[in-house]
Structure formats: structure tokens, C-alpha cells
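The residues making up each chain are set out below.
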Amino acid sequence: MTTSTRSPAFAAANDPAAPPFGAFAPTRAQAAIVALAHRSRLKRGAFRPVLSRLVHLLRAGPVDVRYQGASFRFYHQASATERGALFNPDYNLDELDFLRAQTPVGGVFVDVGANVGTYALALGRHVGAGGKVLAIEPHPITQARLVFNRAASGCAWVVLVAAAAGASDGELMIETDGDNLGASHIVSGKGSGNVIRVRSLRLQRILDEAAVLHIDALKIDVEGFEDRVLTGFFREAPPSLWPRAVVIEHLSRNEWLDDCIADMRARGYAETGKTRSNTLLLRGSG
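This is a predicted model, so every value here is computed, not measured.

Below, the discussion takes up the pairing of strand 7 (residues 170-176). Bridge count between strand 7 and strand 9 (residues 194-202): seven bridges; the pairing is antiparallel. Looking at the pairing, threonine 176 lines up with asparagine 194 of strand 9. As paired strands, strand 7 and strand 8 (residues 185-187) are joined by three bridges and run antiparallel to one another. Bridge assignment links glutamate 175 to a residue of strand 8, and that residue is histidine 185.

So, on to the packing of helix 3 (residues 48-58) against helix 4 (residues 80-87). Two elements in contact, helix 3 and helix 4, have axes separated by 10 Å at closest approach and are oriented at 85°. In terms of orientation, helix 3 lies roughly perpendicular with respect to helix 4. Residues Arg48, Pro49, Leu51, Ser52 and Val55 of helix 3 form the contact with helix 4, whose own contacting residues are Arg83, Gly84 and Phe87. Looking at the contact of helix 3 with helix 4 residue by residue, the classes come out as four nonpolar, two polar and two charged.

Moving on, we get to the sheet that holds strand 6 (residues 164-166). One open sheet accounts for four strands, arranged 6-9-7-8; its pairing is mixed. Two strands bound the open sheet, and with one partner strand each, they are strand 6 and strand 8. Sheet twist, expressed as the mean angle between neighbouring strand axes with direction ignored, is 55°. Bridge analysis of strand 6 against strand 9 gives three bridges, and the strand direction is parallel. Pairing of glycine 166 across the sheet is with arginine 202, part of strand 9.

Bringing empty space enclosed by the protein into the picture now. The final tally for this structure, using the stated rule, is one cavity of 30 Å³ or more. Lining the largest cavity are 20 residues, with Glu137, Pro138, Ser184, Asp221 and Val222 positioned closest to its centre. Elements with a contribution of two residues or more to the lining of the largest cavity: strand 6 and strand 8. Each residue belonging to the lining of the largest cavity can be placed in one class, and the counts come to ten nonpolar, seven polar and three charged.

Spatially, the seven strands line up as an open sheet ordered 5-4-3-10-11-13-12, and their pairing is mixed. Whereas interior strands pair on both sides, the edge strands pair on one side only; in this sheet they are strand 5 (158-161) and strand 12 (269-274). Pairwise comparison of adjacent strand axes, ignoring direction, gives a mean angle of 15° for this sheet. Contacting strand 4 (132-136) and strand 5, helix 7 (residues 140-153) crosses the sheet at an angle of about 165° to strand 5. Packed on one face of the sheet, helix 9 (residues 226-236) meets strand 3 (108-112), strand 10 (217-220), strand 11 (245-249) and strand 12 and runs near 145° to strand 10.

Once that is clear, we can look at the packing of aromatic side chains. The relative placement of two aromatic rings is captured by the distance of their centres and the angle of their planes. This model, assessed by the stated rule, comprises five aromatic pairs. Look at phenylalanine 72 and phenylalanine 74: their rings are 5.0 Å apart centre to centre, the planes differ by 10°, and that puts the pair in the stacked class. Just as phenylalanine 72 is buried, phenylalanine 74 falls in that class too. Both rings, one in phenylalanine 234 and one in tryptophan 242, keep their centres 5.3 Å apart while their planes meet at 80°; by these two values the pair is edge-to-face. Classification of tryptophan 242 as buried rests on a relative accessible area of 11%.

Glancing now at the pairing of strand 10. Note on strand geometry: in a regular strand, side chains alternate between the two faces of the sheet. Burial of the side chains of strand 10 extends over both faces: Ala217 and Lys219 are buried on one face and Leu218 and Ile220 on the other. Direction of pairing for strand 3 relative to strand 10: parallel, over a ladder of four bridges. If you follow valine 110 over to strand 10, its bridge partner there is leucine 218. Note: strand 10 against strand 11, four bridges, orientation parallel. In the sheet register, isoleucine 220 faces strand 11, and the bridge partner there is isoleucine 248. The parallel pair strand 10 and strand 11, bridged by helix 9, forms a crossover whose chirality is right-handed.

Analysis parameters
- Residues numbered from 1 in each chain as written.
- Predicted model: local features only at pLDDT ≥ 70, side-chain atom pairs only at ≥ 80, totals over all residues.
- Heavy atoms only, no water.
- Pairing = 2+ DSSP bridges.
- Helix = DSSP H or I, 4+ residues; strand = E, 2+ residues; numbered from the N terminus.
- Axes fitted to C-alpha atoms, helices over the stretch in contact; angles between N-to-C directions.
- Parallel < 35°, antiparallel > 145°, perpendicular 65-115°, else oblique.
- Contact = heavy atoms within 4.5 Å.
- Nonpolar A, V, L, I, M, F, W, Y, C, P; charged D, E, K, R; others polar.
- 1 Å grid on protein atoms, 1.4 Å probe; cavity = no way out; pocket = protein on both sides within 12 Å on 5 of 7 lines; lining within 4 Å.
- Points joined across faces, edges and corners; volume = space filled by probe spheres on them.
- Phe/Tyr/Trp six-rings, centres within 6.5 Å; stacked < 30°, edge-to-face > 60°.
- Buried < 20%, exposed > 50% of the residue type's maximum accessible area, 1.4 Å probe, protein only.
- Right-handed = clockwise from strand over helix to strand, strands pointing away.

In C-alpha cells form, the structure reads like this:
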């Protein structure tokens, strides 16, 4: 996987003339493998790369499927998120159920690090056309897949922001992870691999430009950059804009310069749950 816009994966997702959703529906053999994973232990993470290779051998390329009420074209071979959602119908289900419980129909959900939309589009289907979802995703390949998946899902009310949320307005450098696109991360220097420059905006500015006046729930997964996004936001934004519910990935918290979960606790949030990857927090009513 490269960041070149000439890459087949980018072209297939970004080309306006790309085949419509359903053109890459699983073959009978591929569908049998996916169904076997769904009803067995094979849906677990350790088995997914093997299943992905097998599905790819049966027919190279992406797979068009439904997931959590939305429609996706999953490029599963070099994306752990897309593999997870393809082979495990309960992928991130605890987090999704928590967010849906805290976001009413017609509500507002913000997804910082939206990837290909497995959270944003699931919540988009939940809030409906009377609600709003803000999906923030800076990587051009991932953003192109998100654009396609939003159109396939019929979720025009999901607003896409092609920028990185950061501590300040300007630019940031992202190093692409060729083995797992979703693990692409912000670097301070030149990095060791394929690095691209992306626009960076403060979360407060993104919300202002999108006319977001309140947030029911927010999910953030930006590969160890969560503190730079949230600490400044909570310092700058009025409490009326603070989300009621937050799901934050903690797998890369060793990369944080500040403990943003502790900062949220000090601002009245309480941890209500924890999964392998994420911490779930609710804001108190006081």
C-alpha cells in the first residue's frame, strides 16, 4: 500500500466511475468463509489475516458487505479495521452500543479518526436524517473509502472533514502503515517510511465550521495523538460543547504527552467501561 493516488486501492474507491456497491459482492465461496467466521471462533483477531488471505485468493480485490446497518466496500488485506468488520459481526459492538445508547435519534455524533466509517456510518444510520455525524479523517486513501461507503450507505447527513484534528491549525505529517492502513500515524519528523503532509485543524475550529453546537457522543482514535486533540479542546471549548459520552482508544497512551483521560476525569467524566482497545466515559450531570 502506498499513498500514491495512482494506487489501485485509491483509484477504485475514489473514481466517480467506480463500480457501484454490490459489484464486489462476495462470491459463494467467499460468503461461505465469512459466514463460517461469523458463527465460530474464527472471527477472533488471530484468525482474521488467514481468512483474509483465503478470501483474497478466491477473488482478489475488495468485498462489498453490510455491517451494522451500513454498506461498506472493505479492502481487508491491508486494514485491520476492515478485516475486523468483515469477519466479526460484533466488531467494536460494546463501543457502538454505548455510543448509540448515549446518542438519541436526531442527535449529534463526532468521530475523530473516522477511518473507513465503521463508527460514523453505524451512528449515521442510528441518528437518521434529522441528526448529524461529523467524520474527521485526514488520510487520502482512507478518506476516499469513507466517501464511497457514505454514498453506498445513503447517509448524506454524515459530514466528512478531510483534515487531521490537532493541537493547532496548520499541517501535520502522517506516516502510512503499509500493513495496516488504519495504524497510519502522525510523526514529528520525516518518519521512516511513506510520509504525507495533511491539513491540521483544532477540533474547536472543525466544530465551529460545521455549525456543531452540542455533541451527544464522541469517539476518538488517532494512534497516540488523542491528548493533543482533546486537552486543548477541553481547555478552549465552552462546557456546553463538551460531549456527554466519549470513547477513546487507549492502546497508544504511552505516546501521550498528557494523560487526557485523567484530564477528563478532572472535568467531571467517569469511566463506565473498558474494552481491550477503548475506554468509555460519561460526563456527570453536575
